[in-house]
Amino acid sequence: MLKLFYSGFLVVVFSMLINLFSLTSEISLIGFILLSFILLGIYLFDLMNFDTPKYSLKNYSTVIALNTFFFSIWYLISWDFWLIVFCVLFTSINIFLRDIINIFVYRIKPVTIYGSGELKSNLEKSLKKLEGYQYINFKDEIEKLELFVEEKEIKLLLLGEIKLEEKEIEKILKIKLKNTRVMGYLDYMLEVENKIEVSHINEEWLLNAYGFEILRSKFQNRLKRIFDIVMSLGIGLSTFPVMIIAAIVVKLESPGPIIYSQARVGENEKEFLVYKFRSMSVDAEKDGAKWAQKNDPRVTKFGNFMRKTRIDELPQLFNVIKGDMSFIGPRPERMVFIKELEKKIPYYGLRHMIKPGLTGWAQVMYPYGATVEDAKNKLEYDLYYIKCYNLYLDIIILFKTLKTVLFGKGR
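The structure displayed is predicted, hence computed values, not measured ones. (Residues numbered from 1 in each chain as written. Predicted model: local features only at pLDDT ≥ 70, side-chain atom pairs only at ≥ 80, totals over all residues. Heavy atoms only, no water.)

A short note on the pattern of salt bridges
Part 1: Inspection of every chain in the model, using the stated rule, returns 15 salt bridges.
Part 2: The closest approach of N and O atoms between Glu193 and Lys129, which form a salt bridge, is 3.8 Å. With Glu193 in the loop between helix H8 (185-191) and helix H9 (203-208) and Lys129 in helix H5 (residues 117-129), this pair connects stretches of sequence that are 64 residues apart.
Part 3: Taken together, the shared-partner salt bridges in this structure form one network comprising Glu146, Glu150, Lys174 and Lys178. (Salt bridge = Lys/Arg side-chain N within 4 Å of Asp/Glu carboxyl O. Helix = DSSP H or I, 4+ residues; strand = E, 2+ residues; numbered from the N terminus.)

Below, the structure is given as structure tokens:
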């Protein structure tokens, strides 16, 4: 109901501002179409969930970025100066409304962890980033847990243990039945961190885990293929001028081919040639295959810019249209690195159950990295994507990728 009120109020404000600035019906129609994208973006970035601190700079910046982006499109279509004032007023009212709702809705929820060691440490690190919860440390034995939960009015009890003894299960079940939410470690990582921790799962977990519909649903695969083609053609046509400019600059900056092709591993571990704008010098791998690294000296100046804005990956739209890749999926890697990683990371080969993607959940959720540990962390997000895939998740990834491109936070 709160989400409906928030959305409805913004629509009413938008309509009133259109009347205030006396916009034509054609310009107004374009505005309402773009408003629907703004509301979709607010929803996908969880900005309709008001269980966050009242004054969140992250939320402010996201709302401002969404409004500015779509109002800029509206302005470029109509060239109406008053849309700038419109944008400032609408954004200000949007932020003010969020603060008013948060004042009445926001409540901090106490949370504690039962367990010790690495798992408890991982949960504590995660809770530091989780807004809306106050962590209260529990250090005593299981016998005192129930009293602790009652005294501190704990709303969420996290289990920092994978396997519990019978006595522990009995005590914790009693707490759960008294209106305290209890969440296991793997469930927390899946639901809150949106990843599957490969170090703590086994074949039995995979056997019993729900999801993985993309591996067997013909309907979902057809829907994903339609999404791939529509997005590739749409983005390809809209960025064609950018690709022409990029090709000219690549050619002028350093000798060598404009388009760089390389064998990568795709679905079912079949190799294919992936295409990119060349962002490195021609002799970048004269001494053999190397992991890409942050501030890689082999990258050209314009290549560095292309990587940050993902322009270098635009030729991969051809791979998507061909069917070698999907628009969204795990990042395609080279066979020489995969053989090495499969020896060190459990279940690494599972990421090849679907087509690799031009962008993906791991790319938008995990920062740049070029180590085995980074590959493991990215795999955990890739497995989450495979397990929980749906079109809604693809749209979320699309918006997060757009945010990455706009703020130049690519690898």
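Okay, back to it.
With respect to the packing of helix H6 (residues 145-152) against helix H7 (residues 166-176)
Relative placement of two packed helices is described by the angle separating their axes and the distance separating the axes.
Part 1: In the contact formed by H6 and H7, the axes pass within 9 Å of each other and the chain directions differ by 20 degrees. Classified by the angle between their axes, H6 and H7 sit roughly parallel to one another. The interaxial crossing formed by H6 with H7 has right-handed handedness. Packed against H6, whose contacting residues are Leu145, Glu146 and Val149, the element H7 presents Ile172, Lys174 and Ile175 at the interface.
Part 2: Split by residue class, the contact of H6 with H7 holds four nonpolar, no polar and two charged. (Axes fitted to C-alpha atoms, helices over the stretch in contact; angles between N-to-C directions. Parallel < 35°, antiparallel > 145°, perpendicular 65-115°, else oblique. Left-handed = near helix turned anticlockwise from the far one by under 90°. Contact = heavy atoms within 4.5 Å. Nonpolar A, V, L, I, M, F, W, Y, C, P; charged D, E, K, R; others polar.)

A word on a nonpolar patch on the surface
Part 1: On the surface, Leu2, Phe5, Phe9, Phe96, Ile100, Ile103, Phe104 and Val105 cluster together into a nonpolar patch covering about 750 Å² of accessible area.
Part 2: The set of elements that each furnish at least two residues to the nonpolar patch consists of helix H1 (2-20) and helix H4 (82-105).
Part 3: With five residues, the top contributor of residues to the nonpolar patch is H4.
Part 4: Note that Val105 resides in helix H4. (Patch = residues over 30% accessible without salt bridge, like charges linked within 9 Å, V, L, I, M, F, W, Y side chains within 5 Å. Areas by Shrake-Rupley, 256 points an atom, 1.4 Å probe, with all protein chains shown as cover.)

Examining empty space enclosed by the protein
Summary: where empty space remains is shown by rolling a probe the size of a single water molecule over the atoms.
Part 1: A complete count under the given rule lists two cavities of 30 Å³ or more for this structure.
Part 2: The calculated volume of the largest cavity comes to roughly 60 Å³.
Part 3: Surrounding the largest cavity, Arg264, Val274, Lys276, Glu313, Gln316, Arg331, Pro332, Gly357 and Leu358 form its lining.
Part 4: Of all elements in the fold, only strand E6 (271-277) and strand E8 (357-359) reach the threshold of two or more residues within the lining of the largest cavity.
Part 5: Residues that form the lining of the largest cavity fall into these classes: three nonpolar, two polar and four charged. (1 Å grid on protein atoms, 1.4 Å probe; cavity = no way out; pocket = protein on both sides within 12 Å on 5 of 7 lines; lining within 4 Å. Points joined across faces, edges and corners; volume = space filled by probe spheres on them.)

Focus on the nonpolar core
Part 1: Within the largest apolar cluster, 91 residues are counted, with the highest numbers of intra-cluster contacts made by Trp74, Phe86, Phe90, Leu158 and Trp361.
Part 2: By residue number, the principal contributor to this core is helix H16 (residues 372-388), which donates eight residues.
Part 3: Listed in part, the 13 residues of the second largest apolar core include Phe138, Ile142, Leu157 and Leu159. (Core = buried A, V, L, I, M, F, W, Y, C linked by side-chain atoms within 4.5 Å. Buried < 20%, exposed > 50% of the residue type's maximum accessible area, 1.4 Å probe, protein only.)

A closer look at the side chain of Glu168
Part 1: Tracing the backbone shows Glu168 in helix H7.
Part 2: Comment: no salt bridge for buried Glu168; closest opposite-charge side chain is Lys167, at 7.4 Å.
Part 3: Here the side chain of Glu168 touches Tyr114 through a polar contact of 2.4 Å, side chain to side chain. (Lys, Arg positive; Asp, Glu negative; His and termini not counted. Polar contact = N/O pair within 3.5 Å; in protein donor to acceptor, adjacent residues only side chain to side chain.)

With respect to the sheet that holds strand E4 (residues 181-183)
Part 1: If you trace the four strands from one edge of the open sheet to the other, you get E2-E1-E3-E4, paired in parallel fashion. Among the strands making up the open sheet, the edge pair consists of strand E2 (133-135) and E4. Neighbour-to-neighbour, the strand axes of the sheet open up by a mean angle of 30 degrees, direction not taken into account.
Part 2: Note: strand E3 (residues 156-160) against E4, three bridges, orientation parallel. Across the sheet, residue Leu156 finds its bridge partner in E4, namely Arg181.
Part 3: Across the sheet, H7 touches strand E1 (109-115), E3 and E4, and the angle it forms with E3 is around 160 degrees. (Pairing = 2+ DSSP bridges.)

A few points about the packing of aromatic side chains
Part 1: A full pass over the atoms with the stated rule returns 24 aromatic pairs.
Part 2: Centroid distance Phe81 to Trp82: 5.9 Å. Interplanar angle 70 degrees. Geometry classified as edge-to-face.
Part 3: Look at Trp82 and you get partly exposed, because its relative accessible area is 48%.
Part 4: Their ring planes at 25 degrees and their centres at 5.8 Å tell us that Trp361 and Tyr384 sit as a pair that is stacked. A residue pair is termed long-range when its members are at least 10 positions apart, and Trp361 in helix H15 (residues 361-365) and Tyr384 in helix H16 qualify at 23 residues.
Part 5: What makes Trp361 buried here is its relative accessible area of 5%.
Part 6: Residue Tyr384 is classed as buried on the basis of its relative accessible area, which comes to 12%.
Part 7: Cluster of aromatic residues (ring-pair linked, three or more members): Phe14, Phe21, Phe32, Phe71, Trp74, Phe81, Trp82, Phe86 and Phe90.
Part 8: Lying over the aromatic face of Tyr210, Lys387 brings its terminal NZ or CZ to 3.2 Å of the ring centre. (Phe/Tyr/Trp six-rings, centres within 6.5 Å; stacked < 30°, edge-to-face > 60°. Lys NZ or Arg CZ within 6 Å of the ring centre and 35° of its normal.)

Describing the pairing of E6
Part 1: As paired strands, strand E5 (residues 259-265) and E6 are joined by seven bridges and run antiparallel to one another. Residue pairing for E6: Ser261 is matched across the bridge by Tyr275.

Considering the environment of Ile345
Part 1: Mapping Ile345 onto the fold places it in the loop between helix H14 (335-344) and E8.
Part 2: Judged by relative accessible area, Ile345 falls into the buried class, the value being 3%.
Part 3: With sequence-adjacent residues up to four places away left out, Ile345 is seen in contact with Val372, Ala375, Lys376 and Leu379.

Considerations on the packing of helix H11 (residues 240-253) against helix H12 (residues 301-309)
Part 1: Contact geometry for H11 and H12: axes closest at 9 Å, N-to-C directions at 150 degrees. The pairing of H11 with H12 is recorded here as roughly antiparallel in orientation. Taken together, the residues of H12 that come into contact with H11 (itself represented by Ala246, Val249, Val250 and Glu253) are Lys301, Phe302, Gly303 and Met306.

Brief notes about the environment of Tyr135
Part 1: Residue placement: Tyr135 occurs in strand E2.
Part 2: Taking the C-alpha atoms as reference, Tyr135 lies 5.7 Å from Thr112; in sequence the two are 23 residues apart.
Part 3: Not counting residues up to four positions away in its chain, the partners in contact with Tyr135 are Val111, Thr112, Ile113, Lys120, Glu124 and Leu127.
Part 4: For Tyr135, the side chain forms a polar contact with the side chain of Asn137, separated by 3.0 Å.

Bear in mind that shape data such as this cannot, by itself, settle questions of function.
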